[in-house]
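# Results of the structural survey
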Amino acid sequence: MSTSSTVERFRAAVESRDLTGLDDLFTDDIRLYSPVKFTPFEGKPMVLALFGVLLRTFEDFRYAGTLDGVAETSADGGEAPAEILLFRATVNGKEIHGIDLLHLDHEERIKEFTVMVRPQSAVQALGEAVLAGLVADGLVAAPVDR
């Protein structure tokens, strides 16, 4: 599997909302760094569940470009092949511009995934929608009002 093949398969799965198409593209210990949570989502089951929520949450999602190269990973500080996919979407009426930064392992599977989103109001809308989806799917407890 070549880097571009991995990223092309990832892109096709996300754009067609095919959650099963993502499964073999991720390492078992994948980490997803989200703009709405300080610590990463860790492990393939959690990241796949998060993608299930995201695929339901984003409206009019589309990738708008690709950049590739090498970048330092967060987990071990080593360099790994990396690609950036630029995207556009809407969440609860807020237009989002963002990037997905994908780091690949030696088997060219996605080992680290970072999402960056702008503007701040879109980050807030996305965070609220994702939390609601995670709670609805029983993946996190509902926040307690104080």
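That block above? That's the structure.
Report follows, based on the coordinates. (Residues numbered from 1 in each chain as written. Predicted model: local features only at pLDDT ≥ 70, side-chain atom pairs only at ≥ 80, totals over all residues. Heavy atoms only, no water.)

### Examining the overall build of the protein
Here is the rule we go by: A run of H or I in DSSP becomes a helix once it reaches four residues, and a run of E becomes a strand once it reaches two; helices and strands are each numbered from the N terminus. Note on exposure labels: buried denotes an accessible area under 20% of the residue type's maximum, exposed denotes more than 50%, and partly exposed covers the range between, all computed with a 1.4 Å probe on protein chains only. A contact between two residues is defined here by any heavy atoms of the two lying within 4.5 Å. Surface accessibility in these figures is a Shrake-Rupley result with a 1.4 Å probe; residues are shielded only by whichever protein chains are displayed. Only four residue types enter the charge count, namely Lys and Arg as positive and Asp and Glu as negative; His and the chain termini do not. One atom stands in for each charge, and that atom is NZ of Lys, CZ of Arg, CG of Asp or CD of Glu.
Along the protein, the regular secondary structure elements total three helices and six strands. What you see in the protein, going N to C, is helices and strands ordered as α-β-β-α-β-β-β-β-α. With the C-alpha coordinates of the protein rotated into their principal frame, the extents come out at 45 × 30 × 30 Å. Split into buried and exposed, the 146 residues of the protein put 43% on the buried side. Long-range pairs, those at least 24 residues apart, make up 52% of the contacts in the protein with a sequence separation of at least 6. Per element, the accessible surface of the protein, about 7800 Å² overall, is 52% carbon and sulfur. Each charge class in the protein was averaged separately, 14 positive and 24 negative side chains, and the resulting centres sit 6 Å apart.

### Overview of the pattern of salt bridges
Let me state the cut-off plainly: Salt bridges are identified by distance alone: a Lys or Arg side-chain nitrogen within 4 Å of an Asp or Glu carboxyl oxygen.
Summed over the entire model, instances satisfying the criterion amount to six salt bridges. A salt bridge links Arg31 to Glu42, with the shortest nitrogen-to-oxygen separation between them at 3.2 Å. In this pair, Arg31 is assigned in strand β1 (residues 26-33) and Glu42 in strand β2 (residues 41-42), connecting sequence segments eleven residues apart. Under the relative-accessibility criterion, Arg31 is labelled partly exposed at 27%. Where Arg109 meets Glu107, a salt bridge forms, and the shortest distance between an N and an O atom there is 3.5 Å.

### What about the environment of Ser74?
Tracing the backbone through its elements, the reader meets Ser74 in the loop between β3 (59-72) and β4 (79-91). Leave out the neighbours within four places in its chain, and Ser74 touches Tyr33 and Glu112.

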